[in-house]
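Structural overview
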Amino acid sequence: MKDRLAESIKQSRADYTEIRVERTWSSAVAFRGRRLETATVSEDQGGFVRVLNPGHGWGIASFTSLDELPAMVQRAHELSQAVRLDEPIRLAESAPQTGDAVLELDGDVRGVALSEKKKLLDRYNGAMLAVSNAIVDTQSSYRDEVSEVWYVNSEGTSLYQLRPEVVVSGTAIGRRNGTIEKGLESIGLRKGWNSVQNYEDKFRVVAQRAVDLLDAPRVRGGAYPVILDNELAGVFIHEAFGHLSEADFVYENPQAREMMTLGRRFGKPVLNVGDNGAATGLRGTLPYDDEGTPTQDTPLIREGILVGRLHSRETAAKLGERPTGNARAISFRHPPIVRMTNTYIAPGKKGAQFSDLIGDIKLGVYACGAFGGQTMLENFSFTAGWGYMIRDGKVAELVKDVVLAGNLFETLDRIDHIAGDFTWNQMGGGCGKGGQFPLPVTEGAPHVRIEEALIGGDV
Amino acid sequence: MIDRLLESARGKVDGADALWRREEQTAVTFESGRLKSAGISEEAGLNLRVLAGGRLGVAGTTAAKPDPAELVGRARASAELGEVVELAFPSAAATALPRIPTFFDRTANASLAELIRMGRFLVERLARPDCQVNISVQRELADTAVGNTAGARGEYRATGIGVTADVTRIAGDDVLMVYDQYVGADLPNDADLETLVRSVETRLTAALKIVAPPDGALPVVFTPAGLAAVVLPLEQALSGKTVLQGSSPLAGKVGETLFDERLSIFDDPLTPGRPASRPIDDECVPSRATGLVENGVVGRFVYDLETAARAKTQSTGNGRRGVFGKPHIGYTNIVFRMGDRAGARHGVPYGHAGGVPLLGGGLIADIQDGLIVDDLIGVGQGNVIGGAFSHPVGLAYRVQRGEVTGRVKDAAVAGNAYELLKRIGGCGNDGRWLGARWSPSLLLEGVSVARR
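The residue count restarts for each chain, going from 1 along the sequence in the order it is written. Whichever chain is written first is A, and whichever ligand is written first is 1; the rest continue in order. Restriction of local features to residues with pLDDT of at least 70 applies here, the model being predicted, together with a cutoff of 80 or more for giving and counting side-chain atom pairs; totals for whole chains, interfaces and linings are based on all residues.

1. Section: the overall build of chain A
Helix and strand counts for chain A come out as 9 helices and 26 strands. Relative to the compact-globule value of 23 Å for 459 residues, chain A shows a C-alpha radius of gyration of 23 Å, a close match. Taken along the three principal axes of its C-alpha coordinates, chain A extends 70 × 55 × 40 Å. Look at the contacts in chain A between residues 6 or more apart in sequence, and 74% of them connect residues 24 or more apart. By the criteria applied, helices consist of DSSP H or I runs no shorter than four residues and strands consist of E runs no shorter than two, each listed in order from the N terminus. Radius of gyration means the value over C-alpha atoms here, while the globule rule gives 2.2 Å times the residue count to the 0.38 power. Two residues qualify as a contact pair if the distance between their C-beta atoms, derived from the backbone, is within 7 Å.

The following block contains the structure:
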């Protein structure tokens, strides 16, 4: 395949040409309540060509019929020619890479019968349903894939990558009369069959929580001191800060660049943030990004000061910085854009514990788990799965509908305590941007305290 | 392709249906006012569903030359694990399919240069010294064929075009984003693009001044864009699937008046000029409109073939399927038809153009203190179907003594969709399409507004 792509590159009349071909084997099982929805095996394949010419913009073609490859290289060249640019697009230097990168499969999912996958999910789904009669519905899904990706460009990079992925997720829906609540568990790994066994307890716990939430009061809206658990703190740093550190937000925008000037103080010295696409064995991990740049650990905030950002080759060239291996595409249907990988808040002082964070809070909210988050640059929202009131330094009653609204700059600056209990949260789902969803990412964090944050809800 | 596949399935399964779709997209993008890229994408795929031994199985492929026998084999393997479903594939329609224009030559024939011209027009009209303008223009052509072993067949070609404008203004640490779109089956003319420009400008201009948010239980005007948080719970609760699963709060409520009597909501696949319109659904069921809510009364739930079979009712023609996975319920065009107090209905202007209404759709004159909500952050997260929502504002304006006084930040709105729609304070004169939904602004009372 590499030779075939190299041959097509040779034929290209464009100044720069890259070709990505993917072949993805996947299987999926889904339950809704006690019913099996589907159990399928699929194969998806296609190609992506992107070219650049001096004085012109990008020409892009994606296609499912690989026989069309030579014609598509020509089409992409013609499209590039149609885009006239005064200021040329430059690509930052990225040393040519060659080789094969085969990630550990940890039980090749292609060798496991579909019926076994159904049995596994049936167990997790059944564990949720067995918790209570109040669990009226579930949505459970198992999905695995093994993706083969070939990438060749006209600068000599020629790569083959084997990327496995497996995700098991369950939503338990509890209902009593008109009140409906849910609990969500999701495990997503860049691994295989062996890594998703024996999780019954996790699914039981979320179903029980859905039941407990039926009787829990809604949190009262207002400003509180808030402690985020590891999972929510991870979603928080991804949503609230991570997206702003993606250089495609600033590279063409002088005002945004000013806002995100390296060296600006973003938080107290306790805050350290980074993105590490090279971390071992995480869902956002890849040896190379989709421009063939090796991934790396990129510090973004060091002791409260903005020190870095995430780049593609194009954004790096524009800002005179180095590519960071963050150009990613969810599939051959899309161009690579600047994305996060494994984003983290580094642990605080060694030995710093949850009790150190909560001790002096008279009235506050302990926000746990994440249903999701969305950012609109300086403003963001994230929805906790559940929460507890904090009263007189102790975790008190369970509350629901905990939604944190915030302003990035104020909120980051109000992080005043970070515990030492760091964990990576390997969830399914993923990040959405520019119509590309879901991109596998991981978030990691310890418990984090925000001096004051706005919680939505009844007032 | 459909015929060959169904032929190959014959004798090996009890019954089957299939969908073949070929899509071709052409897109141009402008970043910060500059044309940066032009791209095409071509994709063809085949989805097969079989009933074998009474059990349901599916398989799909994007292979360039699909092997029918291999696909049938994979679908049968899927059926071995599948549920027993008493699914009846619809037979060939006795009458002709509804005639609905889905293919517009002007859209299909638009050259790359024409798409670029539209983008440039918007870039030039929206340019402001302190703003970044991103534009995308995307044209889609799709050929769809559906068929089943009961003899039903359907084929149609469709065009679609989406033009989006994102304007970002950063001043210090204040980030303001205003977004709008034109989505249609037919190409926008310059008046349509001008409407888009003025819609962005109206909201941008009113947002330049930042004012303190109010708080308390207040009247809030939800614009057609801002209404998403209120509509989403209804869309989920009116799906036959959630009704079957017992998670819909509207289950068992058909015929009950649960909403303001002026509120009617239809799913209408026969709306002319809309990209989601179609003569037949993805399971060979001819299209027709479905009254979801009529004069405040819960009407019909929407079904695909499988959920209809399980609920012992008829499919409403809301079957949707992709290349992979099995068909599922999907809405087509969600259309709000608002009656006035006298019971008369306002017609829905199906065309896209029209004057740009004032912010708030003429609903703010009597508001002493309240909000206009145009965008909320995080809609769709959380416990949607329960109806309760709580979101920080993405773009919202304060209304004081009947006038827009500026943009508010750092505020969150919360409420329960089912409760709020029991009493609608007013329907705006600003009805418009947003994606596949047509609605005016709605004034809703007693919405919780929290501020920092």
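Structure's up, so let's keep going.
2. Notes on the overall build of chain B
Counting secondary structure elements, chain B contains 9 helices and 22 strands. Against the 2.2 N^0.38 benchmark of 22 Å for 452 residues, chain B shows a C-alpha radius of gyration of 24 Å, consistent with a compact globule. Taking the principal axes of its C-alpha atoms as reference, chain B extends roughly 70 × 55 × 40 Å. A total of 452 residues make up chain B; the buried ones form 53% of that total. Relative to all contacts within chain B whose residues are 6 or more apart in sequence, the contacts with residues 24 or more apart total 73%. Whether a residue is buried, exposed or partly exposed is read from the other C-beta atoms within 10 Å of its own C-beta, which are placed from the backbone; 20 or more gives buried, 12 or fewer gives exposed, and intermediate counts give partly exposed.

3. Remarks on the pairing of strand S3 (residues 58–63) of chain A
Residues and elements named next belong to chain A. The element S3 is extensively covered by neighbouring structure, given that 6 of its 6 residues are classed as buried. Side chains Trp58, Ile60 and Ser62 project from S3 onto one buried face, and the interleaved Gly59, Ala61 and Phe63 project onto a second face that is buried too. A strand pair is defined by DSSP finding two or more bridges across the two strands. One ladder, built from 6 bridges, connects strand S2 (residues 35–52) with S3; its direction is antiparallel. Residue pairing for S3: leucine 52 is matched across the bridge by tryptophan 58.

4. Considering the interface of chain B and chain A
Size of an interface: often given as the accessible area lost when the parts come together. Contacts between the two partners involve 60 residues from chain B, matched on the other side by 70 residues from chain A. Broken down by secondary-structure element, the contributors of at least two residues to the side of chain B that touches chain A are strand S2 (34–52), strand S3 (55–61), helix H2 (68–81), strand S5 (153–171), strand S6 (174–184), strand S16 (388–400), strand S18 (411–416) and strand S22 (442–451) of chain B. Each residue gets one label: Ala, Val, Leu, Ile, Met, Phe, Trp, Tyr, Cys and Pro are nonpolar, Asp, Glu, Lys and Arg are charged, and the others, such as Gly, are polar. Its residues assigned to classes, the side of chain B that touches chain A comprises 23 nonpolar, 24 polar and 13 charged.

5. Thoughts on the domain arrangement of chain B
All names here are of chain B. Considered domain by domain, chain B is made up of domain 1 (2–207) and domain 2 (210–451). Boundary definitions for the domains trace back to an automatic or database domain assignment. Placing a centre on the C-alpha atoms of domain 1 and another on those of domain 2 gives a separation of 22 Å. Across the boundary between the two partners, domain 1 contributes 46 residues, which contact 38 residues of domain 2. Those elements that provide at least two residues to the side of domain 1 that touches domain 2 are strand S1 (15–31), S2, S3, strand S4 (131–148), S5, S6 and helix H5 (190–207).

6. Considerations on the domain arrangement of chain A
Residues and elements named next belong to chain A. Taken domain by domain, chain A consists of domain 1 (2–215) and domain 2 (222–455). One C-alpha centre belongs to domain 1, the other to domain 2, and the line joining them spans 22 Å. On the side of domain 2, 32 residues touch domain 1, which itself brings 36 residues to the contact. Among the secondary structure elements, those contributing two or more residues to the side of domain 1 that touches domain 2 are strand S1 (16–32), S2, S3, strand S5 (135–153), strand S6 (158–176), strand S7 (179–189) and helix H4 (200–215). Its residues placed into classes, the side of domain 1 that touches domain 2 shows 14 nonpolar, 11 polar and 11 charged.

7. Thoughts on the sheet that holds strand S10 (residues 297–302) of chain A
Residue and element names in this part refer to chain A. On the basis of which strands lie adjacent, the open sheet formed by 6 strands has the order S11-S10-S9-S14-S25-S22 and mixed pairing. This sheet does not close on itself; its edge strands, each paired only once, are strand S11 (305–306) and strand S22 (423–425). Taken together, the 3 bridges between strand S9 (residues 273–276) and strand S14 (residues 342–345) define a ladder with antiparallel strand orientation. Across the sheet, the residue bridging to valine 273 is isoleucine 345, located in S14.

8. Some points on the nonpolar core
It is characteristic of soluble globular proteins that their nonpolar side chains tend to be buried jointly. Grouped together as the largest cluster of nonpolar side chains are 227 residues, with contacts concentrated most on Leu232, Ala367 and Leu404 of chain A together with Leu371, Ile372 and Val413 of chain B. Discounting chain neighbours no more than four positions away, the residues touching alanine 367 of chain A are Val226, Leu228, Asp229, Leu232, Ala384, Gly387, Val402 and Leu404 of chain A. By convention the nonpolar core is taken to be a set of buried residues drawn from Ala, Val, Leu, Ile, Met, Phe, Trp, Tyr and Cys and joined through C-beta atoms within 7 Å. Judged by nonpolar contacts, the second largest core, of 25 residues, contains Ala9, Val50, Val72 and Ala75 of chain B.

9. A word on unusual backbone geometry
Residue and element names in this part refer to chain A. The omega torsion of the bond from phenylalanine 437 to proline 438 falls at -5°, within 30 degrees of zero and hence cis. Along the chain, the position of proline 438 falls in strand S24 (residues 436–439). Of note, glutamate 303 is a non-glycine position whose phi angle comes to about 50°, a positive value. Mapped onto the elements of the fold, glutamate 303 is located in the loop between S10 and S11.

10. Some points on the pairing of strand S15 (residues 369–376) of chain B
All names here are of chain B. Across the 8 residues of S15, 7 count as buried, placing the element largely inside the fold. As paired strands, strand S8 (residues 216–222) and S15 are joined by 3 bridges and run parallel to one another. Paired with valine 221 across the two strands is isoleucine 372, which belongs to S15. With 7 bridges joining them, S15 and S16 adopt antiparallel strand pairing. Within the sheet, the bridge partner assigned to isoleucine 372 lies in S16 and is tyrosine 397.

11. With respect to H2 of chain B
For a helix, the expected span equals 1.5 Å multiplied by the number of residues minus one. Its 14 residues place the ends of H2 of chain B 21 Å apart at the C-alpha level, agreeing with the 20 Å of an ideal helix rising 1.5 Å per residue. By the burial criterion, the buried members of H2 of chain B are Leu71, Val72, Arg74, Ala75, Arg76, Ser78, Ala79 and Leu81 of chain B. Among the structural elements, S2 and helix H3 (114–129) of chain A together with helix H1 (2–9), S2 and S3 of chain B are those in contact with the buried residues of H2 of chain B.

12. Overview of the packing of H3 of chain A against H4 of chain A
Residue and element names in this part refer to chain A. Here an angle of 0 to 180 degrees is reported between the N-to-C directions of two axes, which are lines fitted to C-alpha atoms, with helices fitted over the stretch in contact. In the contact formed by H3 and H4, the axes pass within 8 Å of each other and the chain directions differ by 30°. Here H3 and H4 pass one another in a crossing that is right-handed. Across the interface between the two elements, Arg123, Tyr124, Ala127 and Met128 of H3 pack against Glu200, Phe203, Arg204 and Ala207 of H4. Its residues placed into classes, the contact of H3 with H4 shows 5 nonpolar, no polar and 3 charged. What makes a crossing left-handed is the near helix being turned counterclockwise from the far one by less than a right angle; a clockwise turn instead makes it right-handed.

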